[in-house]
Amino acid sequence: MATALSNLSRGSSSSSPMTPPRSAMESCFVSTRDGIVLHARLFKPTPTTAEPSPSPSASAQAATAVVLVHPYSKLGGCQVIMHGIASRLSIKGLTAVTFDMRGVGRSTGKSSITGIPEIEDVVAVCNWVSDNLPVDRILLVGSSAGAPIAGSALDHLEKVVGYVSIGYPFGLAASFLFGKHYKPTLKARKPKLFIMGSADWFTSVRQLKSKVKSCDGRAEMHLIQGAGHFEVEGPAFDSVMVNLIVEFHETL
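Computed from a predicted model, the values in this text were never measured in an experiment. (Residues numbered from 1 in each chain as written. Predicted model: local features only at pLDDT ≥ 70, side-chain atom pairs only at ≥ 80, totals over all residues. Heavy atoms only, no water.)

1. Thoughts on the overall build of the protein chain
Right, on to step 1. A count of helical and extended segments in the protein chain gives 8 helices and 9 strands.
Right, on to step 2. In the protein chain, buried positions account for 56% of the 252 residues.
Right, on to step 3. Accessible area of the protein chain: about 10,800 Å², with a carbon and sulfur share of 57%. (Helix = DSSP H or I, 4+ residues; strand = E, 2+ residues; numbered from the N terminus. Buried < 20%, exposed > 50% of the residue type's maximum accessible area, 1.4 Å probe, protein only. Areas by Shrake-Rupley, 256 points an atom, 1.4 Å probe, with all protein chains shown as cover.)

Listed below in structure tokens is the structure:
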């Protein structure tokens, strides 16, 4: 039975939203089973960037990679939007991976309207991470339309141990595009955290609560008071998102 935990907060950031902290970043390319080549970037913790962490969770963080799935390609979504979160996660000691889905940036192929082909992109990147990085676990994070796409991949990925959604579009209008993703996300039994602004234009608080309640397995929600959909996915809330992701990861 799902559990819903709602926390009301207003985000703040001590760093300039337009200047994400520096971290070790590498570029690479990942091939999918259907022949698409995706451009990805790795953000690795280094002795000069990682915050000292005396807690027992430090070793677990080092063994975890966070794969971040960007917002809707058709509205300009790309991996750059996720770089601020990725940089801050690496400073917290977590390896982070961003990538451009098909048809975006230097990735080949063509983006879709519904995000169904893009599920394969998420699977390919997570499998690449499992095969090429010294990590035991993956935490999957999707923003806006990236949230349903990432959620649909959950049961295809053995090493994924948890899922974080930022602004999942559950509303009626969005359901015409992303409705096929809802059941795979909600029925996956892996722990899930849904983050949303209380003034989200695509999904009401009531809709989110209803969806979280219907989840299989452990499910939580966190509301950011007064924030709209595009605000939450923007750089001003990067630090808030990182804190929530790290706190959730420590419970897995």
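2. Details of the pattern of salt bridges
Right, on to step 1. Under the counting rule described, the total for this entry stands at 7 salt bridges.
Right, on to step 2. Taken together, the shared-partner salt bridges in this structure form one network comprising Asp34, Arg102 and Asp121. (Salt bridge = Lys/Arg side-chain N within 4 Å of Asp/Glu carboxyl O.)

3. With respect to the packing of helix α2 (residues 83–91) against helix α8 (residues 238–249)
Right, on to step 1. Contact geometry of α2 with α8 gives a least axis separation of 9 Å together with a crossing angle of 50°. Considering the angle they form, α2 stands oblique to α8. Judged by the twist between their axes, the crossing of α2 over α8 is right-handed. Residues Gly84, Ile85, Arg88 and Leu89 of α2 lie in contact with α8, whose contacting residues are Asp238, Ser239, Met241, Val242, Ile245 and Val246.
Right, on to step 2. Across the contact of α2 with α8, the residue classes break down as 6 nonpolar, 2 polar and 2 charged. (Axes fitted to C-alpha atoms, helices over the stretch in contact; angles between N-to-C directions. Parallel < 35°, antiparallel > 145°, perpendicular 65-115°, else oblique. Left-handed = near helix turned anticlockwise from the far one by under 90°. Contact = heavy atoms within 4.5 Å. Nonpolar A, V, L, I, M, F, W, Y, C, P; charged D, E, K, R; others polar.)

4. Topic: a nonpolar patch on the surface
Right, on to step 1. A grouping of Leu75, Trp201, Phe202 and Phe230 is seen on the molecular surface, where their side chains present a nonpolar patch of about 470 Å² in accessible area.
Right, on to step 2. One can find Phe230 in helix α7 (residues 229–232).
Right, on to step 3. On the basis of relative accessible area, Phe230 is assigned to the partly exposed category, the value being 41%. (Patch = residues over 30% accessible without salt bridge, like charges linked within 9 Å, V, L, I, M, F, W, Y side chains within 5 Å.)

5. Some remarks on the environment of Pro117
Right, on to step 1. With respect to the helices and strands, Pro117 occurs in the loop between β5 (95–99) and α3 (118–132).
Right, on to step 2. Classification of Pro117 by relative accessible area gives partly exposed; the value is 34%.
Right, on to step 3. Put simply, Pro117 and Asp34 are 83 residues apart on the chain and 9.4 Å apart in space, counted from C-alpha to C-alpha.
Right, on to step 4. If near-sequence neighbours (up to four positions away) are discounted, Pro117 is found in contact with Arg102 and Ser112.

6. A few points about the pairing of strand β4 (residues 64–69)
Right, on to step 1. Counting buried positions along β4 yields 6 of 6 residues, so the element is predominantly enclosed.
Right, on to step 2. Burial along β4 is two-sided: the residues Thr64, Val66 and Leu68 and Ala65, Val67 and Val69 are all buried.
Right, on to step 3. As judged from the 6 bridges shared by β4 and strand β6 (residues 137–143), these two strands associate in the parallel manner. Of the residues in β6, the one forming a bridge with Thr64 is Arg137.
Right, on to step 4. Two strands pair when backbone bridges link them, and β4 and β5 are joined in this way by 4 bridges, in the parallel orientation. Paired with Val67 across the bridge in β5 is Val97.
Right, on to step 5. Traced from β4 through α2 to β5, the parallel crossover comes out right-handed. (Pairing = 2+ DSSP bridges. Right-handed = clockwise from strand over helix to strand, strands pointing away.)

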